[in-house]
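Structure at a glance
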Amino acid sequence: NYTRAKYIAGLKWILLEMKVPKAPGKSPKATELMFAALHGIQGPPLKFKDRFWKGKVPDWLSFEIVGIGGDIHFYVRTSEQYKKLVESQIYAQYPDTELTEVEDYVKELPQSLPDRENDMWGAELILNKPDAFPIRTYPEFEEKGGGLEDVKRVDPLAALSEVLSSLDPGEYLGIQLLIRPTEEGWVKKAQAEVDKLQGKKPRIGEDLFTKAIWSIDKLIPGHVEPKKDEKKDERQQLTPGTTDVLKAVEHSLTKLGFESGIRFLYAAPRDRFHRAHVSGVVGSFKQFSSQALNGFKINLQTASIGKWPFKKQQEYGRKIALYSRFKRRALP
């Protein structure tokens, strides 16, 4: 932990503010291609000596939407070595975007929250189901008209933008999307979910001890080999709904994988603290939920709440911890 904290503290971070045109003139597919290109920050697997003695960790990025007193800002926080990569990939998909390196806005926030004048509330979001099940993505927010190019898009960020633009002076609301490229191990775990949907029985392998016992048993006179069951595994008949879920899961396995986390934080003076803004953020993420597939929910272990009999102490401790992780952009 010491070497890791020392390594992270030595990294040079920069914050880029993005000013995107209101009508970029491109499909959200362009953003998907941008994220696919940013998967290139994944380096070779870290060696044990680098992880343990040098404290190295895989690199990560933070994409942030921030509302300060009614003004909305879009930021990307990256280490200095990936500045050119991030800029080139954003410009490649959105040439009219303005990228400016700015001072980190968290320096303007109070040193610690909550304090006597200000209160805060925040949490991290997690998925309702395993990673294999996808959330609703941009194709499901499109309504096709009569022509091939006649496509009407419903902007799922409109509800969140409305919340951010309604903030009064002194109010602050930030959402962080933290991403780090991952290996293909998540695909193997997802394949187990596919097998469940297809009704396949999980394969149970024999451990080394069991194999040794069977080897000794074969040497004993009178040993009889057990008959193998030649019956094939019967698969359950898939319903139309299960078939659709299976197609969605298998489609998600074709995408590049990121370890990711979502965190939000709302802070305001105590006399102007509106808990409704928190509900607005949570409600905006509900748009991406699907009963058959996946969705977001609050991770109660990180939420700014406490339980009796030490409710106030627990609530205060969780707020301090979340505020620290928010400022450090720490992965959940």
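The rules we used
Residues numbered from 1 in each chain as written. Predicted model: local features only at pLDDT ≥ 70, side-chain atom pairs only at ≥ 80, totals over all residues. Heavy atoms only, no water. Helix = DSSP H or I, 4+ residues; strand = E, 2+ residues; numbered from the N terminus. Buried < 20%, exposed > 50% of the residue type's maximum accessible area, 1.4 Å probe, protein only. Contact = heavy atoms within 4.5 Å. Areas by Shrake-Rupley, 256 points an atom, 1.4 Å probe, with all protein chains shown as cover. Salt bridge = Lys/Arg side-chain N within 4 Å of Asp/Glu carboxyl O. Arc of directions from axis to C-beta. Pairing = 2+ DSSP bridges. Axes fitted to C-alpha atoms, helices over the stretch in contact; angles between N-to-C directions. Polar contact = N/O pair within 3.5 Å; in protein donor to acceptor, adjacent residues only side chain to side chain. 1 Å grid on protein atoms, 1.4 Å probe; cavity = no way out; pocket = protein on both sides within 12 Å on 5 of 7 lines; lining within 4 Å. Points joined across faces, edges and corners; volume = space filled by probe spheres on them. Nonpolar A, V, L, I, M, F, W, Y, C, P; charged D, E, K, R; others polar. Parallel < 35°, antiparallel > 145°, perpendicular 65-115°, else oblique. Left-handed = near helix turned anticlockwise from the far one by under 90°. Core = buried A, V, L, I, M, F, W, Y, C linked by side-chain atoms within 4.5 Å.

1. Notes on the overall build of the protein
Scanning the protein from N- to C-terminus turns up 10 helices and 10 strands. Its C-alpha atoms put the protein at 85 × 60 × 45 Å along the principal axes. Of all 332 residues assigned to the protein, the portion counted as buried reaches 35%. Taking the contacts inside the protein whose residues are at least 6 apart along the sequence as the reference set, 81% of them involve residues at least 24 apart. Only carbon and sulfur atoms are counted for the fraction: they give 55% of the accessible area of the protein, which is about 21500 Å².

2. Details of the pattern of salt bridges
Taken as a whole and judged by the stated rule, the model has 16 salt bridges. For Asp271, the salt bridge goes to Arg272, with nearest N and O atoms at 3.9 Å. The exposure class of Asp271 is exposed, given its relative accessible area of 67%. Ionic contacts of the salt-bridge type, sharing partners, join the residues Asp119, Arg270, Glu315 and Lys319 into one network.

3. Comments concerning helix H4 (residues 83-93)
Looking at H4, one finds that the buried residues are Val86, Glu87, Ile90 and Gln93. On an axial view of H4, the arc spanned by its buried residues comes to 145 degrees, and they lie on one face. On its buried face, H4 sits against strand S1 (13-19), helix H2 (29-38), strand S2 (61-68), strand S3 (71-79) and strand S4 (98-102).

4. Re the sheet that holds S2
The antiparallel open sheet is built from 8 strands, whose spatial order is S4-S1-S3-S2-S8-S9-S5-S10. Of all the strands in the sheet, the pair left with one neighbour each is S4 and strand S10 (296-298). Pairwise comparison of adjacent strand axes, ignoring direction, gives a mean angle of 25 degrees for this sheet. As judged from the 7 bridges shared by S2 and S3, these two strands associate in the antiparallel manner. Along S3, the bridge assignment pairs Ile65 with Phe74.

5. Quick look at the side chain of Lys319
Assignment of secondary structure puts Lys319 in helix H10 (residues 311-328). Judged by relative accessible area, Lys319 falls into the buried class, the value being 5%. Of the polar contacts made by the side chain of Lys319, one reaches the side chain of Asp119; its length is 2.9 Å. In this structure the side chain of Lys319 is engaged in a polar contact, spanning 3.2 Å, whose partner is the backbone oxygen of Met120. When sequence neighbours within four positions are dropped, the list of residues in contact with Lys319 reads Leu113, Pro114, Asp119, Met120 and Ser304.

6. Some remarks on empty space enclosed by the protein
The gaps of empty space that remain are located by a probe, the size of a water molecule, rolled over the atoms. This model, assessed by the stated rule, comprises 1 cavity of 30 Å³ or more. The volume enclosed by the largest cavity comes to roughly 30 Å³. Surrounding the largest cavity, Leu125, Val282, Phe285, Lys286, Phe296, Lys297 and Ile298 form its lining. Of all the secondary structure elements, the ones that give two or more residues to the lining of the largest cavity are helix H9 (276-286) and S10. By residue class, the composition of the lining of the largest cavity is 5 nonpolar, no polar and 2 charged.

7. Re the packing of helix H6 (residues 185-198) against helix H8 (residues 240-252)
At a minimum axis distance of 10 Å, the contact between H6 and H8 shows a crossing angle of 165 degrees. It follows from the interaxial angle that H6 and H8 lie roughly antiparallel. In this structure, H6 crosses over H8, and the sense of that crossing is left-handed. From H6, Trp186, Val194, Leu197 and Gln198 reach across to H8, where they touch Thr242, Val245, Leu246, Val249, Glu250 and Ser252. Classifying every residue of the contact of H6 with H8 gives 6 nonpolar, 3 polar and 1 charged.

8. Some details on unusual backbone geometry
Look at the link from Leu113 to Pro114: it is a cis peptide, with omega at 0 degrees. Within the element layout of this structure, Pro114 appears in the loop between S4 and strand S5 (118-127). Cis rather than trans, the peptide bond between Trp308 and Pro309 has omega equal to 10 degrees. Position of Pro309 among the secondary structure elements: in the loop between S10 and H10.

9. What about the pairing of S3?
Regular strands show a simple pattern: their side chains alternate between the two faces of the sheet. Bridging between S1 and S3 involves 6 bridges; their strand directions are antiparallel. Each residue of the ladder has a partner; that of Leu15, found in S3, is Arg77. Hairpin connection from S2 to S3: 2 residues lie between these consecutive antiparallel strands, with Gly69 at a positive phi of about 60 degrees.

10. Re the nonpolar core
Judged by nonpolar contacts, the single largest core of 22 residues is most densely connected at Leu173, Ile175, Phe264, Val281 and Phe285. Of all the elements in the fold, those that place two or more residues in this core are S5, helix H5 (158-165), strand S8 (172-181), strand S9 (258-269) and H9. Setting aside residues no more than four positions away along its own chain, Leu173 makes contact with Ile65, Val66, Gly67, Val163, Leu164, Leu167, Leu265, Tyr266 and Val281.

Fair warning: the whole summary comes from geometry, so function is off the table for now.
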